[in-house]
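# Chain and residue survey
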Amino acid sequence: MMSSLPVKFHFIMTKTVFQAPIYRLILNLDRRAQENLALRFAELAAENRKKHIKSYEDLAERDTEGKKLLLELAQNTKPLEMNGKNIASFGKTSTGKSTLTNGLLGKDLASTGYGETTLKSTPYKGIGYVLWDVRGNNDETSYLSMKYISFLKGLTKRLVMIQSTIKENSSLIKLLDDMNLGYDIVVNKFDLIEESEQQNFKDQIQREIATLQLKKLNKIFYVSAKYRERYPDWQELINYLTN
């Protein structure tokens, strides 16, 4: 008995029936690949702990094969899926990340103060973008996890916060360079530097950039999140992030 379904509809149904197992197979293979990737990250982390590796720079200097493996795993890591434009600031404890977040949002949403006030990475919705207030990472091995690398890859812009020298965050910066991910440097608390010394300080930062041979640095901003109106870079930073 011939089917009463229209030929076109019958073809679509047949195609869907035959393709469904293929889709499931692809999903299963992808899930297994991600599980295997997570396992390899965990194994590398265990090796790093055994060798007392303390940062990406430390890994690069002491274990060439370990660095090569990490970059291979990072390349295979999927970017975290996030809607719209997502921006995050990274830095040591007390570099002013939360104060910067509040200044950019125009509201006191993120906790500020001495010591580590950000207990977890928190997204705040701005005008046309989401701003992530990221917990201060004094333990630089956390940057080497699959979860963190996925987050780094999913971001639209990455702000690296420093106060007195690029060396404060050189390990993360070198990781971003080697992963081919762009970033910007924000020198916060610029008001703490004597006005007569500010140009010398800028020259010092430029020398550090040349010495470290930073490859993926886009822009550098000298600001004070506390005294925003004092420095023109503050408005430039806002324009840069929102456009």
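This is a predicted model, so every value here is computed, not measured. (Residues numbered from 1 in each chain as written. Predicted model: local features only at pLDDT ≥ 70, side-chain atom pairs only at ≥ 80, totals over all residues. Heavy atoms only, no water.)

To continue, consider the packing of helix H4 (residues 97–105) against helix H8 (residues 233–242). The geometry of H4 relative to H8 is characterised by a closest axis approach of 11 Å and an angle of 75 degrees between their N-to-C directions. The angle between H4 and H8 falls in the class roughly perpendicular. Contacts between H4 and H8 involve Leu-100, Gly-103 and Leu-104 from the first element and Trp-234, Leu-237, Ile-238 and Leu-241 from the second. The class makeup of the residues in the contact of H4 with H8 is 6 nonpolar, 1 polar and no charged. (Axes fitted to C-alpha atoms, helices over the stretch in contact; angles between N-to-C directions. Helix = DSSP H or I, 4+ residues; strand = E, 2+ residues; numbered from the N terminus. Parallel < 35°, antiparallel > 145°, perpendicular 65-115°, else oblique. Contact = heavy atoms within 4.5 Å. Nonpolar A, V, L, I, M, F, W, Y, C, P; charged D, E, K, R; others polar.)

Another aspect to go through is H8. Turning to H8, its buried residues number three or more, namely Asp-233, Trp-234, Leu-237, Tyr-240 and Leu-241. Across the axial projection of H8, the buried residues extend over an arc of 125 degrees, all falling on one side. Packing partners of the buried residues in H8 comprise strand E1 (86–90), H4, strand E4 (157–162), strand E5 (183–187) and strand E6 (217–222). (Buried < 20%, exposed > 50% of the residue type's maximum accessible area, 1.4 Å probe, protein only. Arc of directions from axis to C-beta.)

Below, the discussion takes up the pairing of strand E2 (residues 122–125). Across 4 bridges, E2 lies against strand E3 (residues 130–133) in antiparallel orientation. Its bridge partner being in E3, Lys-125 is matched across the sheet by Val-130. Count of turn residues in the E2/E3 antiparallel hairpin: 4 residues, of which Gly-128 carries a positive phi of about 90 degrees. (Pairing = 2+ DSSP bridges.)

The next thing to look at is unusual backbone geometry. Trans peptide bonds make up most of the peptide bonds, and negative phi angles are found at most residues other than glycine. In this model, Asn-180 sits at a positive phi of 65 degrees, which is unusual for a non-glycine residue. Mapped onto the elements, Asn-180 comes out in the loop between helix H6 (170–178) and E5. Even without glycine at this site, Gln-213 takes up a positive phi of about 55 degrees.

Any link to function would need more than the numbers given here.
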